[in-house]
Amino acid sequence: MPSRSDAVALLEEWVESEALRKHMYAVEAAVRHYARLEGEDEETWGLAGLLHDLDWERFPDEHPHPGVARLRELDYPEPVVRAILAHAYPDRSDVVPETPLDKVLYACDELCGLVYACCLVRPNGIDDLRPKSVVKKLKDKAFAAGVHRDAVQRGLDLIDLDRAVHVQNVIDGLRTVADVLEVRGEDLAARRGQQQRP
Ligand SMILES: [Fe+2]
Ligand SMILES: [Fe+2]
């Protein structure tokens with residue numbers, strides 16, 4: 001099985017956008033957190049999270065199929081490939097999320113975007129973020145309008161967890177990579193300082 005560093009090299013080869021890279025690292029962290037919670041193989045699950053949007057920048061219209069083709073050439077495990085296909089269900093793929101990994105990846109993908117957006121508008125970022133604030137923003141459709149609320153709901157239905165519990169799990173996962181995502185209070189204060197400098 002390809003290693004995480006192989007996967008990071010592939011990500012860096014295919015994805016230029018800093019924002020998309022952060023999204024992929026965020027989803028990886030959330031999915032890894034779930035693998036630990038559920039006693040699943042963290043390395044395998046992590047690869048699916050890390051590479052799920054591999055081809056989004058190069059092939060926005062064909063996502064996720066060119067990425068999946070490349071992963072198959074590189075002998076990525078079938079459960080990883082399958083989960084990546086299933087995260088695009090139903091609009092871009094007909095692979096229904098069925099395995100625990102499929103469901104967790106699906107449930108984390110859009111929610112990671114929302115949690116990340118919540119961090120950016122808070123003075124303390126992720127440091128004191130609670131599920132309640134995220135749920136409030138979930139209901140406010142004007143906030144982070146690019147986050148598909150129906151996909152968040154579909155994910156919740158798939159993993160069959162209480163919404164606040166799932167949001168807390170995603171927050172806990174993202175906290176493990178808060179430095180990479182630059183979402184701690186100190187990161188945001190530093191960014192604000194840079195913006196204010198003449
Ligand atoms: Fe995607
Ligand atoms: Fe994604």
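For every chain, the first residue of the written sequence is number 1, and numbering continues from 1 along that sequence. Chains carry letters and ligands carry numbers; both start at the beginning, A for chains and 1 for ligands, and go up in the order they are written. The predicted origin of the model limits local features to residues at a pLDDT of at least 70 and limits the giving and counting of side-chain atom pairs to 80 or more, whereas totals for whole chains, interfaces and linings rest on all residues.

### Some details on the packing of helix α6 (residues 100-120) against helix α7 (residues 131-139)
Fitting a line to C-alpha atoms yields each axis, with helices limited to the stretch in contact; the angle taken between N-to-C directions then spans 0 to 180 degrees. Helix and strand assignments come from DSSP, with helices taken as H or I runs of at least 4 residues and strands as E runs of at least 2, each series counted from the N terminus. The contact between α6 and α7 brings their axes to 10 Å, and the two run at 110 degrees. The angle between the axes of α6 and α7 places the two elements in the roughly perpendicular class. In contact with Leu114, Val115 and Cys118 of α6, α7 contributes Ser133, Val134, Lys137 and Leu138. Three classes are used, and their members are as follows: Ala, Val, Leu, Ile, Met, Phe, Trp, Tyr, Cys and Pro are nonpolar, Asp, Glu, Lys and Arg are charged, and the others, Gly among them, are polar. Residue composition of the contact of α6 with α7, by class: 5 nonpolar, 1 polar and 1 charged. Angle categories are assigned with fixed cut-offs, so that under 35 degrees is roughly parallel, over 145 is roughly antiparallel, 65 to 115 is roughly perpendicular, and the rest are oblique. This entry defines residue contacts through backbone-placed C-beta atoms, with two residues in contact when those atoms are within 7 Å.

### Structural notes on helix α8 (residues 149-159)
All of the buried residues along α8 are Val152, Gly155 and Leu158. Looking straight down α8, one finds that the buried residues subtend no more than 120 degrees of arc, so they occupy a single side. Counted as exposed and oriented over 90 degrees from the buried face of α8: Asp150 and Asp157. Buried positions along α8 lie against α6 and α7. Phi for Asp160, located one or two positions after α8, is positive at around 55 degrees. Note on burial: count the other C-beta atoms lying within 10 Å of the residue's C-beta; 20 or more is buried, 12 or fewer is exposed, in between is partly exposed, and C-beta positions come from the backbone. This arc corresponds to the set of directions leading from the helix axis out to the C-beta atoms.

### Section: the environment of Asp94
Inspection of the secondary structure assignment puts Asp94 in the loop between α5 (78-86) and α6. Asp94 sits in the exposed class, given 9 other C-beta atoms within 10 Å. In this structure the C-alpha to C-alpha distance between Asp94 and Pro79, which are 15 residues apart in sequence, comes to 16 Å.

### A word on helix α3 (residues 42-51)
Of all 10 residues in α3, 7 are buried, a share of seventy percent or more. Inspection of α3 places Trp45, Gly46, Leu47, Ala48, Gly49, Leu50 and Leu51 among the buried residues, and these make up the whole buried set. On its buried face, α3 sits against α1 (4-14), α2 (18-38), α4 (65-73), α5 and α6.

### Brief notes about the nonpolar core
With 53 residues, the main nonpolar core has Ala30, Val31, Ala48, Cys108, Cys112, Val115 and Leu174 as its most contacted residues. When residues of this core are assigned to their parent elements, the largest contribution, 13 residues, is made by α6. Any set of buried Ala, Val, Leu, Ile, Met, Phe, Trp, Tyr and Cys residues joined through C-beta atoms within 7 Å is what this text calls a nonpolar core.

### Thoughts on unusual backbone geometry
In this chain, His63 is followed by Pro64 through a cis amide linkage whose omega measures 5 degrees. Tracing the backbone shows Pro64 in the loop between α3 and α4. Between Tyr89 and Pro90 the backbone carries a cis peptide bond, its omega angle lying at 0 degrees. Among the secondary structure elements, Pro90 is positioned in the loop between α5 and α6. The phi dihedral of Glu182 falls on the positive side, at around 55 degrees, and the residue is not glycine. Looking at the secondary structure, you find Glu182 in the loop between α10 (178-181) and α11 (185-196). Residue classification places Glu182 among the partly exposed positions, given that 18 C-beta atoms sit within 10 Å.

Functional significance is not addressed by these values, which are geometric in nature.
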